[in-house]
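Now for the letters of each chain:
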Amino acid sequence: MKRIKRRALFAVAVSMLLLLGTALYVLKFLVYGGSWAASRVSFAVWQGDAAARGRILGRNGEVLADIKDGRRVFSSDTVTAQATLHVVGDAEGKIGTGAMSVYRSKLIGYSPIFGIYGPDTSGGDVTLTIDAKASAAAYRALDGRRGAVVVINYETWEVICLVSAPSFDPGSPPGDIDTNPEYEGAYLNRAISSTFTPGSTFKLVTAAAAIENIQDLEELIFHCSGGIEIDGQWVKCAGRHGAVNFETGLAHSCNAVFAELAVRLGAQTLWEYAKELGLTEPFSVGGIATASGKFDLADGKFELAWSGIGQYNDLVSPIAMTRLCGAIASGGNTARLELSDAEGISLTSGTRRLLNASTAARLKELMLNNVESAADDMFPGLIVGAKSGTAEVGGGKEPHAWFVGFLDDPQQPYAFAVIVENGGAGRTVAGAVANKVLQELVK
Ligand SMILES: [Zn+2]
């Protein structure tokens with residue numbers, strides 16, 4: 001009797017395991033079925049021209065990828081094709097971040113019931129949140145230089161512009177793409193998959209930490225004599241600002257102010273703020289994971305000072321900088337960045353607070369003041385808050401030019417980041433690119 005009972009229990013246990021296994025499989029099938037069907041080994045989908053099903057559209061209905069006579073074709077406007085390459089993808093599947101790879105299961109018209117053999121064999125359209133015209137304006141403004149331009153809507157958290165250069169027209173890939181140094185890194189989406197030395201744009205992080213951790217911050221007077229001595233070594237400033245307070249220090253991007261603030265705050269605090277403000281960890285952009293930034297805990301005060309100015313070993317991605325500017329403009333919150341209507345089951349959560357509402361409000365004022373106090377009309381007709389960066393990269397090369405910020409307009413809630421690699425001065429070079437894109441968007 002005892003033995004029978006034991007065997008019965010064993011049988012029950014085995015069948016429970018079987019049920020659990022089946023349930024797990026069904027769950028995985030529902031979640032991943034589309035990508036299994038769309039996988040490169042799925043002969044039905046990938047024979048001949050790659051995944052010749054489904055169209056990819058821009059947010060205003062522009063056709064960015066289509067099918068003609070069973071072959072994949074792209075935007076007939078070469079600049080638009082180049083500007084949207086890294087979000088649309090190419091026929092060979094070399095652009096890993098392209099919609100043609102990422103949203104393959106929607107494009108082939110996959111459904112959990114019919115698989116890819118449903119009643120409609122034309123596949124599904126994927127509409128991107130991308131503005132094709134603004135992307136083309138951004139690519140033109142980069143004017144052959146390497147870099148990235150990102151624009152997001154900080155109300156809806158849609159990605160409006162995700163441009164990376166160098167690029168190429170996927171409709172006619174250059175024959176020498178793998179050997180010509182001009183195309184080096186052309187398959188990479190620099191806007192989300194690359195990180196760069198942030199330079200003075202990182203002063204936003206040090207400023208956020210200072211606002212929350214240094215009580216008499218706004219009353220302090222700093223001294224800049226073309227730089228400041230930290231631990232026996234000279235931290236150089238681009239200007240000679242004399243007696244200067246926090247607000248003016250940020251407006252003039254004074255290194256002396258931010259070197260001293262970094263030392264007061266300490267490496268651990270700055271590390272925590274870089275993480276909290278979303279710069280060092282990957283996050284999802286329409287289901288694509290972004291590159292992780294970096295903030296190393298400096299050993300000495302001199303290195304710590306430089307790390308608070310966005311040099312030393314600091315690295316950030318353009319998309320993370322854009323998201324931070326969006327959060328500053330929208331009261332401290334951010335949400336999952338959307339890139340299309342194609343994402344099925346989402347396992348990540350929506351909103352996240354990057355910084356306190358009061359800190360966001362103060363940073364917003366400061367960034368608006370940065371642009372206003374420059375007293376020139378860089379952005380005709382627009383109210384812009386921003387921070388520039390001229391990031392030293394060493395090796396005798398020109399610095400990276402950065403310009404990050406937001407449009408302070410409830411009708412046009414855009415946050416942006418522009419980087420021009422080895423472009424020179426942040427404000428004049430990257431700022432000019434930002435202006436061209438924003439002007440196109442508010443037209
Ligand atoms: Zn200075």
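Residues numbered from 1 in each chain as written. Predicted model: local features only at pLDDT ≥ 70, side-chain atom pairs only at ≥ 80, totals over all residues. Heavy atoms only, no water.

1. Quick notes on the overall build of the protein chain
Move 1: Helix and strand content of the protein chain: 16 helices and 17 strands.
Move 2: For the protein chain, the proportion of contacts with a sequence separation of at least 24, taken over those separated by at least 6, is 66%.
Move 3: Summed over all atoms, the accessible surface of the protein chain reaches about 19,800 Å², with 53% contributed by carbon and sulfur. (Helix = DSSP H or I, 4+ residues; strand = E, 2+ residues; numbered from the N terminus. Contact = heavy atoms within 4.5 Å. Areas by Shrake-Rupley, 256 points an atom, 1.4 Å probe, with all protein chains shown as cover.)

2. Points about the pattern of salt bridges
Move 1: What the rule picks out here adds up to eleven salt bridges.
Move 2: The partner of Asp-125 in a salt bridge is Arg-55, and the shortest N-O contact between them spans 2.8 Å. Residue Asp-125 is located in the loop between helix 6 (104–107) and strand 4 (126–127), and its partner Arg-55 is located in the loop between helix 2 (43–46) and strand 1 (56–57); the two are separated by 70 residues in the primary sequence.
Move 3: We note a salt bridge from Asp-408 to Lys-364, for which the minimum N-O separation is 3.4 Å. One end of the pair, Asp-408, is in the loop between strand 16 (400–407) and strand 17 (414–420); the other, Lys-364, is in helix 15 (residues 357–372), and 44 residues separate them in sequence.
Move 4: Each of the salt bridges in this network shares a partner with another, and the network as a whole consists of Glu-218, Glu-247, Arg-362 and Glu-365. (Salt bridge = Lys/Arg side-chain N within 4 Å of Asp/Glu carboxyl O.)

3. So, the nonpolar core
Move 1: Counting 94 residues, the largest nonpolar core has Leu-128, Leu-162, Leu-261, Leu-339 and Leu-355 as the members making the most contacts within it.
Move 2: Ignoring anything within four residues of it in the chain, the contact list for Leu-339 reads Val-87, Tyr-103, Thr-127, Leu-128, Thr-129, Ile-130, Val-159, Leu-162, Val-285, Gly-286 and Ile-288.
Move 3: Val-163, Ala-165, Leu-407 and Leu-438 belong to the second largest nonpolar core, which has 32 residues in total. (Core = buried A, V, L, I, M, F, W, Y, C linked by side-chain atoms within 4.5 Å. Buried < 20%, exposed > 50% of the residue type's maximum accessible area, 1.4 Å probe, protein only.)

4. Some points on the sheet that holds strand 15 (residues 384–391)
Move 1: Overall, antiparallel pairing links the five strands, which are arranged 6-5-17-16-15 in an open sheet. A single partner strand is all that each edge strand has here, and the edge strands are strand 6 (159–165) and strand 15. Looking at each pair of strands side by side, their axes are set apart by 5° on average, direction ignored.
Move 2: The pairing of strand 5 (residues 147–153) with strand 6 spans six bridges and is classified as antiparallel. Counterpart to Val-149 in the pairing with strand 6 is Val-163.
Move 3: Together, strand 5, strand 6, strand 15, strand 16 and strand 17 form the strand contacts of helix 16 (residues 426–442), whose direction differs from that of strand 16 by roughly 40°. (Pairing = 2+ DSSP bridges. Axes fitted to C-alpha atoms, helices over the stretch in contact; angles between N-to-C directions.)

5. Overview of the environment of Ala-434
Move 1: Position of Ala-434 among the secondary structure elements: in helix 16.
Move 2: Counting along the chain gives 56 residues from Ala-434 to Met-378, while the straight-line C-alpha distance between them is 9.7 Å.
Move 3: For Ala-434, the residues in contact, after removing those within four places along its chain, are Phe-379, Phe-403, Phe-416 and Val-418.

6. Looking at the packing of helix 9 (residues 203–213) against helix 11 (residues 255–265)
Move 1: Direction vectors running N to C along helix 9 and helix 11 enclose 55°, while the axes themselves pass 10 Å from each other. Overall, the two elements helix 9 and helix 11 adopt an arrangement that is oblique. Note on packing geometry: the crossing formed by helix 9 with helix 11 is left-handed. Contacts from Lys-203, Thr-206, Ala-207, Ala-209, Ala-210 and Asn-213 of helix 9 reach helix 11 at Asn-255, Phe-258, Leu-261, Ala-262 and Leu-265.
Move 2: The residue inventory of the contact of helix 9 with helix 11, partitioned by class, reads seven nonpolar, three polar and one charged. (Parallel < 35°, antiparallel > 145°, perpendicular 65-115°, else oblique. Left-handed = near helix turned anticlockwise from the far one by under 90°. Nonpolar A, V, L, I, M, F, W, Y, C, P; charged D, E, K, R; others polar.)

7. Focus on the sheet that holds strand 4
Within a beta sheet, neighbouring strands are joined by backbone hydrogen bonds and run either parallel or antiparallel to one another.
Move 1: Read across the sheet, four strands follow the order 3-2-1-4 without closing on themselves; strand pairing throughout is mixed. Strands with a single pairing partner mark the edges of an open sheet, and in this sheet they are strand 3 (71–74) and strand 4.
Move 2: Bridge count between strand 1 and strand 4: two bridges; the pairing is parallel. Within strand 4, the residue paired with Leu-57 across the bridge is Thr-127.

8. Re a positive patch on the surface
Move 1: A contiguous patch of positive charge, built from Lys-2, Arg-3, Lys-5, Arg-6 and Arg-7, is present on the exposed surface.
Move 2: Mapped onto the fold, Arg-7 is located in helix 1 (residues 2–37). (Patch = residues over 30% accessible without salt bridge, like charges linked within 9 Å, V, L, I, M, F, W, Y side chains within 5 Å. Lys, Arg positive; Asp, Glu negative; His and termini not counted. Charge placed at Lys NZ, Arg CZ, Asp CG, Glu CD.)

9. Details of a nonpolar patch on the surface
Move 1: A contiguous nonpolar patch, built from Val-12, Met-16 and Leu-19 and spanning about 310 Å² of accessible area, is present on the exposed surface.
Move 2: Turning to its location among the elements, Leu-19 is positioned in helix 1.
Move 3: Classification of Leu-19 as exposed rests on a relative accessible area of 57%.

10. What to know about the confidence of the model for the protein chain
Move 1: Looking at the protein chain, pLDDT values average 90 and 89% of them are 70 or higher.
Move 2: The model gives residues 46–51 a pLDDT under 50, and that stretch makes twelve contacts with residues more than four places away or in other chains.
Move 3: Below a pLDDT of 50 lies the segment residues 344–348, which in the model reaches four contacts outside its immediate sequence neighbourhood of four places, other chains included. (pLDDT = per-residue confidence, 0-100.)

11. A few points about helix 16
Move 1: Across its 17 residues, helix 16 extends 23 Å between first and last C-alpha, which sits within 8% of the 24 Å expected from 1.5 Å per residue.
Move 2: Taken as a whole, helix 16 carries its principal kink of about 25° at Ala-432.
Move 3: Turning to helix 16, its buried residues number three or more, namely Gly-426, Val-429, Ala-430, Gly-431, Val-433, Ala-434, Asn-435, Val-437, Leu-438 and Leu-441.
Move 4: Those residues of helix 16 hidden inside the fold are in contact with helix 7 (132–142), strand 5, strand 6, strand 15, strand 16 and strand 17. (Expected span 1.5 Å × (residues − 1). Bend = angle between axes of the 7 residues up to and from the residue.)

12. Observations regarding the coordination of the zinc ion
For a metal with four donors in a tetrahedral arrangement, the ideal angle between donors is 109.5 degrees, while six donors in an octahedron ideally sit at 90 or 180 degrees.
Move 1: Protein ligation of the zinc ion involves Cys-224 (SG), Cys-237 (SG), His-241 (ND1) and Cys-254 (SG), the donor distances falling in the range 2.1 to 2.4 Å.
Move 2: Each of the four donor atoms bound to the zinc ion contributes to angles spanning 101 to 116°, and the resulting shape is tetrahedral.
Move 3: Site description for the zinc ion: donor spacing in sequence, C-x12-C-x3-H-x12-C. Taken together, the residues His-241 in the loop between strand 9 (233–236) and strand 10 (242–244) and Cys-254 in the loop between helix 10 (246–251) and helix 11 connect sequence positions 13 residues apart.
Move 4: Accessibility expressed as a relative area gives 23% for His-241, which makes it partly exposed. (Donors = N, O, S within 2.8 Å, 3.2 Å for Na, K, Ca; no water. Tetrahedral: all angles 85-135°; square planar, octahedral: opposite > 155°, others 65-115°.)

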